[in-house]
Structure formats: structure tokens, C-alpha cells
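# Breakdown of the fold
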Amino acid sequence: MVMNYKFVFLSVLLSMLCTLVQAQSNQASKLPARPFYVGLGLSYPFGGVAELGTYDKKGWGASFSLMSTVKSSKNKPADYEGGGLYSSKSLEDNFLFGSVRLQKVFYIGPKTHVGIEAGPCVIISRIKDNFRPNHGGWFTASHTYDVITTRSLGLSMKGRVGIVRSKSLGIDLGIISNIGSTVNYFGGELAFSFGKIRY
């Protein structure tokens, strides 16, 4: 009985894979010779993203991405105050990720595709550190600090779903992870794609 269940499971899995490959082949035949796109959008938490990419009829291609984001400063003193009329206790560190990724696109419908991407990235971090008490007055922050800029290498991975709206406009929903020696990032992004993308 166990063997029967395994056989049925493997048969269903093989059937699904064959269907996906066939759907990809059918949709790929409708693609432009070399689809390309420029993507602009927002990343979560709290950032923006710009991307340039291309792929062939078999779905293999590459992308270049710039993404900025912020994180709450890990070195901020507990009694930090921003100062001014609307004094705020929040203070952020800034990060910029530049990635070059190999991508594989799977065509699952006339206007829908799924993409997976991976490749190296350069991470530029601007970290606030060396906080010192500041007694400059009510309109100034409670502490001064240094901004330390570091650069490191990492690995960027992304999964996305693309929905084509017209010959030159699409919408991408993605989950992205950037893993580095100095900082790790995991989040999502929503971007509009412009270019030769309809299939």
C-alpha cells in the first residue's frame, strides 16, 4: 500500500513538471526575441529599488539591481532624543545593495511568469556609532555620533511573480534576501516594469 502511494505521488509530480515545461514552451514561442525591462518600485522595509534585466526565449537571463533600505540603529543609546519641535527617538542606519543576478523565468500563463534569481552583491553600510552626549540645547539631538561607512560582499537571492499588463508594462511582486558578512536583509518588493515584456 505504501508503494502504491509513492507511485501515485511520483506520477502526479512528474505530470505537474511536464505540464509546467509544456506551458513554458508554449508561452516562450510568443516572446519577443530578447525581452528586456526596467523596474522601479518600493522595497519593504522602508526603501526603494531599481532594476534592469533581460532574458531569452528559454527564460535564462540576468538582472542588475540597486536597492536601498534602512534599519533602526543598533548602536543608539536608550535615552536618545532627536531634538526639535517634533522630537523623535528613532534613528536609522542606511544600506545600499548592488546586485548582479542570474535569473530563470518560468512562463505559467499568457500574462504571468515566475522568476528565480541569484548572484553576488556589494553592500554599502552607513552605520551610526560612537554616540556622545550633546548639551547644545532643546533644538539639537541629545547625542552626536559618527557615521561609519563599510563595504562588503554578499549573496543576493530573489523570487518574483510578474504580471504583464500591456506590451510595455508589468507588475512584479518579489521576495528578496541579501546575505552579507556585515548585514543580512530579508524583505519584499513591489515594482513596475517597463520595456519589451509582453508575450
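Residues numbered from 1 in each chain as written. Predicted model: local features only at pLDDT ≥ 70, side-chain atom pairs only at ≥ 80, totals over all residues. Heavy atoms only, no water.

Together, Val-38, Leu-40, Leu-52, Phe-64, Leu-66, Leu-96, Val-100, Phe-192 and Phe-194 line one region of the surface with nonpolar side chains, adding up to about 770 Å² of accessible area. Residue assignment for the nonpolar patch shows that the elements contributing at least two residues are strand S1 (36–44), strand S3 (60–72), strand S4 (92–109) and strand S8 (184–196). Positionally, Val-100 belongs in strand S4. (Patch = residues over 30% accessible without salt bridge, like charges linked within 9 Å, V, L, I, M, F, W, Y side chains within 5 Å. Areas by Shrake-Rupley, 256 points an atom, 1.4 Å probe, with all protein chains shown as cover. Salt bridge = Lys/Arg side-chain N within 4 Å of Asp/Glu carboxyl O. Helix = DSSP H or I, 4+ residues; strand = E, 2+ residues; numbered from the N terminus.)

Looking now at the confidence of the model for the protein chain. Averaged over all residues, the pLDDT of the protein chain equals 81, while 78% of them reach at least 70. At the low end of the mean pLDDT range in the protein chain sits helix H1 (residues 2–28), at 45; at the high end sits strand S5 (residues 112–133), at 94. Here residues 5–10 is a poorly scored stretch, pLDDT under 50, and it has zero contacts once near neighbours within four places are set aside; other chains count. Between residues 16–29, whose pLDDT stays under 50, and residues either more than four places distant or in other chains, the model counts 14 contacts. (pLDDT = per-residue confidence, 0-100. Contact = heavy atoms within 4.5 Å.)

Another aspect to go through is the pattern of salt bridges. Considering all chains together, one arrives at seven salt bridges under this definition. Between Glu-51 and Arg-101 there is a salt bridge, with its nearest N and O atoms 3.2 Å apart. Highlighted residues: Glu-51 in strand S2 (residues 47–55) and Arg-101 in strand S4, separated in sequence by 50 residues. On the basis of relative accessible area, Glu-51 is assigned to the buried category, the value being 7%. A salt bridge links Asp-146 to Arg-132; the shortest N-O distance between them is 3.4 Å. Separated by 14 residues along the polypeptide, Asp-146 in strand S6 (residues 143–164) and Arg-132 in strand S5 bring together distant segments of the chain. (Buried < 20%, exposed > 50% of the residue type's maximum accessible area, 1.4 Å probe, protein only.)

Another point: the packing of aromatic side chains. The tally for this structure, following the rule as stated, stands at five aromatic pairs. Look at Phe-97 and Tyr-185: their rings are 5.7 Å apart centre to centre, the planes differ by 40°, and that puts the pair in the tilted class. Placement of the pair is Phe-97 in strand S4 and Tyr-185 in strand S8, with a sequence separation of 88 residues. Of the two residues, Phe-97 and Tyr-185, neither departs from the other in class, the shared state being buried. With 5.3 Å between their ring centres and 45° between their planes, Phe-131 and Tyr-145 make a pair best called tilted. Taken together, the positions of Phe-131 in strand S5 and Tyr-145 in strand S6 put the pair 14 residues apart, joining distant regions of the chain. Residue classification places Tyr-145 among the partly exposed positions, given a relative accessible area of 29%. Its end group placed over the ring of Phe-106, Lys-104 keeps NZ or CZ at 5.1 Å from the ring centre. (Phe/Tyr/Trp six-rings, centres within 6.5 Å; stacked < 30°, edge-to-face > 60°. Lys NZ or Arg CZ within 6 Å of the ring centre and 35° of its normal.)

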